[in-house]
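# A look at the structure
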Amino acid sequence: LLDEPTNHLDRKAVEWLKSHLLSLTGVTMAIVSHDYAFIDEVCTDVTHYDNGGQLGKPCRFVYYPMTFSEFQKLKPEIAAGLPRIDNGPPKSASQPASEVSGSEDVSELSESMSSVSVSESNASEGSGLSTTLAKVDEMIAAGLILPMNFPDPGKPEGIRTFRKPVMTLKKCSFKYPETDRYILKEVDATVTLGSRAVIVGGNGSGKSTFLKLLIGDLEPEEGQGEMWKHHALRLSYVAQQSLHHLEDHVTSTPIQYLQARFRQGLDAEVAKLKSIALTDDEKAEMEKGSAIYAIVGRTTKGNKPWYEFQQRGKMKAE
């Protein structure tokens, strides 16, 4: 049983997995995947699970004893509506991605989409996803879907333009304990307020390690590099493996989980980061009389950060 087996794999790893699965004999495989070229080469049968885009109607399995490319030809109206990462219709599974490019790609997609129509009469066999998305506004108005709105967090104090850095790494190196090989060596990075960056690279190249180093979940080798984060930056971190966050909330609903995680306006997961977690000595120091035990506000006056804090032995008003 393989649930999205190619999600975190680069091209070479996908090729290895495909070859390995094809080499197996005398086994049965059930695969859920949006990598249609992969399932076309590996799978001999297709099962479509759908409810025709009708909210509340139970989904059902429809079995097709054929490859995915054959399924596309038999049911183009279904194949065109299957979800893809790029929100476009799936390319022909038998056509390599490298053979489709430029203006030809756009025109072919336009022609294929123009020939697909979804109506009430063919919704049960057509694109359930397209039907559902087309009715989102109607379903919201009817109260069947509750909209979720995220407020604009605004700019941190002292940051007036989107080009100003909010996080930086300078000459940072990192290797895991008991190993001699550096995963990252003298890395420089700058994140600005307007950044929408993606980190690309092969499996094992250090992408996740770099991200953990940037946010403070890992610390650089002692004496090698500097890490800086704007004092008013509100950081949120979603790990590659969801269990990293969800292991303490397996019985919660999504709404309950979000309320628990962000109930104070900050991401509670950030407090678990290695660079932020308090040591036992620091915790003991915070228990002493007149010790500062909470930061409740922050701002910038001139070029200096100012903090509003709570101190033991004093009323909140003080």
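All of the points below concern the structure found in this document. For clarity, every value in this text was computed on a predicted model and none was experimentally measured.

### Comments concerning the overall build of the protein
The helix and strand inventory of the protein stands at eleven helices and nine strands. Within the protein, counting contacts between residues at least 6 apart in sequence, those at least 24 apart form 50% of the total.

### Describing the nonpolar core
Core analysis: the largest hydrophobic core is formed by 22 residues, its most contacted members being Met167, Leu169, Leu184, Phe210, Leu213, Leu235 and Leu273. Every element with two or more residues in this core is listed here: β5 (165-174), β6 (184-192) and α8 (207-215). Here the element with the most residues in this core is β5; it accounts for five residues. Ignoring sequence-local partners within four residues, the contact set of leucine 169 consists of Val187, Asp188, Ala189, Phe210, Leu213, Leu214, Glu226 and Met227. By size, the runner-up hydrophobic cluster in this structure holds 16 residues, among which are Leu17, Leu21, Val46 and Met66.

### A few points about the pattern of salt bridges
In a structure, side chains of opposite charge can pair up when their charged atoms sit close to one another. In this structure the tally under the stated criterion is four salt bridges. Note that aspartate 267 and arginine 261 form a salt bridge whose closest N and O atoms lie 2.6 Å from each other. One exposure class covers both aspartate 267 and arginine 261, and it is buried. Through salt bridges with shared partners, a single ionic network connects Glu15, Lys18 and Glu41.

### Re a nonpolar patch on the surface
On the surface, Met148, Phe150, Ile255, Leu258 and Phe262 cluster together into a nonpolar patch covering about 510 Å² of accessible area. Secondary-structure assignment places phenylalanine 262 in the loop between α10 (254-261) and α11 (280-286). Relative accessible area serves as the criterion here: at 33%, phenylalanine 262 is assigned to the partly exposed category.

### With respect to the environment of alanine 239
Examined against the element boundaries, alanine 239 turns out to sit in the loop between β7 (226-229) and α9 (243-246). Classification of alanine 239 by relative accessible area gives buried; the value is 12%. For alanine 239, the contacting residues outside a window of four places in its chain are His244 and His245.

### Notes on helix α1 (residues 11-23)
For α1, built from 13 residues, the straight-helix expectation of 18 Å at 1.5 Å per residue is met to within 8% by its first-to-last C-alpha distance of 18 Å. Against β1 (2-3), β2 (31-32) and α2 (36-42) lie the buried residues of α1.

### Some remarks on unusual backbone geometry
Positive phi is not limited to glycine here, since lysine 171 has a value of about 55°. Relative to the elements of secondary structure, lysine 171 occurs in strand β5. For glutamate 178, which is not a glycine, the phi torsion comes out positive at approximately 65°.

What counts, and where the lines are drawn
- Residues numbered from 1 in each chain as written.
- Predicted model: local features only at pLDDT ≥ 70, side-chain atom pairs only at ≥ 80, totals over all residues.
- Heavy atoms only, no water.
- Helix = DSSP H or I, 4+ residues; strand = E, 2+ residues; numbered from the N terminus.
- Contact = heavy atoms within 4.5 Å.
- Core = buried A, V, L, I, M, F, W, Y, C linked by side-chain atoms within 4.5 Å.
- Buried < 20%, exposed > 50% of the residue type's maximum accessible area, 1.4 Å probe, protein only.
- Salt bridge = Lys/Arg side-chain N within 4 Å of Asp/Glu carboxyl O.
- Patch = residues over 30% accessible without salt bridge, like charges linked within 9 Å, V, L, I, M, F, W, Y side chains within 5 Å.
- Areas by Shrake-Rupley, 256 points an atom, 1.4 Å probe, with all protein chains shown as cover.
- Expected span 1.5 Å × (residues − 1).

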